[in-house]
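Close look at the chain arrangement
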Amino acid sequence: MRSILWVIVAALATLGSCSLLLTGRLPLGVAGQWEWGRIEQATSWIDFLTTGLCVAVYVAFVAWGARWMMGTTWARRAALTALVIGGFFVQTTTQQVGFGLAKWPFVLFMESSSGYYTAAKRDVVSARDFLARYDQIQTDYHNRYGPLHLATHPPGLVLLHYGALRLCEGNAGFTRFLLALQPRSVREGFLAVAVGAPIPPADQASLWLVAILSQLASALTVIPIHILARRGSGPAAAWFAAALWPLVPAVTVFMPKSDVLYPLFAATCVALALGGRTPTGRWVCGAASGVVLCTGMFLTFGLISVLPLTVVAIALSGGVPSDEATIRASALRASGFVSGLLVVQLISILLGHNLPATWWRCLRIHAMFYAPGQIGEHRTYWPGWAGTWLNSR
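Residues numbered from 1 in each chain as written. Predicted model: local features only at pLDDT ≥ 70, side-chain atom pairs only at ≥ 80, totals over all residues. Heavy atoms only, no water.

Examining unusual backbone geometry
Each neighbour pair has its own omega, and for M255 with P256 the value is 5°, a cis peptide bond. Mapped onto the fold, P256 is located in the loop between α14 (249-254) and α15 (262-273). (Helix = DSSP H or I, 4+ residues; strand = E, 2+ residues; numbered from the N terminus.)

Topic: the packing of α15 against helix α17 (residues 306-315)
For the pair α15 and α17, the least separation of the axes is 9 Å and the interaxial angle reads 20°. Between α15 and α17, the angle falls in the class roughly parallel. The element α15 and its partner α17 pack so that their crossing is right-handed. Where α15 approaches α17, its residues A266, C269, V270 and A273 are matched on the opposing element by V306, L309, T310, A313 and I314. Its residues assigned to classes, the contact of α15 with α17 shows eight nonpolar, one polar and no charged. (Axes fitted to C-alpha atoms, helices over the stretch in contact; angles between N-to-C directions. Parallel < 35°, antiparallel > 145°, perpendicular 65-115°, else oblique. Left-handed = near helix turned anticlockwise from the far one by under 90°. Contact = heavy atoms within 4.5 Å. Nonpolar A, V, L, I, M, F, W, Y, C, P; charged D, E, K, R; others polar.)

Examining a nonpolar patch on the surface
Together, V291, V343 and I347 make up an exposed nonpolar region whose accessible area comes to about 220 Å². Relative to the elements of secondary structure, V343 occurs in helix α18 (residues 324-350). (Patch = residues over 30% accessible without salt bridge, like charges linked within 9 Å, V, L, I, M, F, W, Y side chains within 5 Å. Areas by Shrake-Rupley, 256 points an atom, 1.4 Å probe, with all protein chains shown as cover. Salt bridge = Lys/Arg side-chain N within 4 Å of Asp/Glu carboxyl O.)

Here we look at the packing of aromatic side chains
Geometrically, a pair of aromatic rings is defined through the distance of the ring centres and the angle of the planes. Within the structure shown, the criterion is met by eight aromatic pairs. A ring pair is formed by W64 and W68, whose centres lie 4.8 Å apart and whose planes are at 70°; its orientation type is edge-to-face. An aromatic cluster of at least three residues, connected via ring pairs, comprises Y58, F61 and W239. Note that R77 overlies the ring of W74, its terminal NZ or CZ placed 5.3 Å from the centroid. (Phe/Tyr/Trp six-rings, centres within 6.5 Å; stacked < 30°, edge-to-face > 60°. Lys NZ or Arg CZ within 6 Å of the ring centre and 35° of its normal.)

Thoughts on the nonpolar core
One finds Y58, V62, L83 and W239 to be the most contacted residues of the largest nonpolar core, which totals 46 residues. Counting 41 residues, the second largest nonpolar core, distinct from the first, contains L150, V158, Y162 and L355. (Core = buried A, V, L, I, M, F, W, Y, C linked by side-chain atoms within 4.5 Å. Buried < 20%, exposed > 50% of the residue type's maximum accessible area, 1.4 Å probe, protein only.)

So, the packing of helix α12 (residues 222-230) against α15
Think of two packed helices as two axes; the pair is described by the angle between the axes and how far apart they sit. Two elements in contact, α12 and α15, have axes whose closest approach is 8 Å; the angle formed by their N-to-C orientations is 35°. Judged by the sense of rotation from one axis to the other, the crossing of α12 with α15 is left-handed. Here α12 contributes P224, I225, I227 and L228 to the contact with α15, which in turn contributes L264, A267, T268, V270 and A271. Partitioning the contact of α12 with α15 into residue classes produces eight nonpolar, one polar and no charged.

Here we look at empty space enclosed by the protein
If you walk through the whole model with that rule in mind, you get two cavities of 30 Å³ or more. Space inside the largest cavity adds up to approximately 80 Å³. Lining the largest cavity are 13 residues, with L108, Y116, H161, K257 and S258 positioned closest to its centre. Put simply, the parts of the chain that give the lining of the largest cavity at least two residues each are α4 (103-109), α8 (156-169) and α11 (201-220). (1 Å grid on protein atoms, 1.4 Å probe; cavity = no way out; pocket = protein on both sides within 12 Å on 5 of 7 lines; lining within 4 Å. Points joined across faces, edges and corners; volume = space filled by probe spheres on them.)

Structure below.
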């Protein structure tokens, strides 16, 4: 009963946060240093009612589905699959408040919002060539945009858009299928952001595909969260812990920006690092964990914070105090983890790209965000962190 109360509290907090953001009662940054512009958008009571009903249905589903976790293995798997689907739709529905899904084309298409699609269209001739020249390209991004999105990220996000674009350009049937799935709000969003000429169908389909994948990645995060929670709690408590994720307000606010991809990589990395019941299984899970983390860091250097967390998790995986067997198990996980990291590094080198050098440039360029004279006034770190924490709640 206590666990479902936490789910209800999270649901109410999500609705409350959306309402406070819409009414302008929550700050969108740090006053006098940096603030996001606020765009006024009228929201009808029908949108609020629909969103509230969807969240209520989701909470009821979570309460009812907890009993499945006490059943067979197949019942638990079915429950988690249903939780992914339910999380996908509740996150999509809660975004109806305000601009609705019409914001998705704006977030992914407009260069001022992120710029990865624009860079994929303009700067990528081939993936291999882009990787080989990325040191020069990143320097150019820094000179052009300053310490913002494009200059502070590895090449993965641009290549993600490039891959989606090439896939849609080369498959007319798949493009038509994706466009047929677009709700009216998304089509209206593409019409609103089109400047001068209509956006080509393949481009629309590729952006819509990236948006769907971002939403799906967020929904899939409940699985590694459940696995991690299950290590220290019972089936029902782990179920409720995972069910809280789709109700996190920050996910709703940021969707479909690339930020919503990273929790899946972070949680999966730690969950895999602690997996395996046999020596071989522990090493393989450790290696998979390293591959997942390094792949995620191909998208953003921000996942570097997961590295020490994973190291600590592996070191303490056998409990304290540790005996010889648990130390050996941790060593297997650690060796597999390092091997996984090195595999991705080797692939990067074979493709002509120096990934550690890119990470170092990302760190140096992002540090300039807080330097005076870069973008507006001087910024301080801790107020920015506190503002981000408040908005994420």
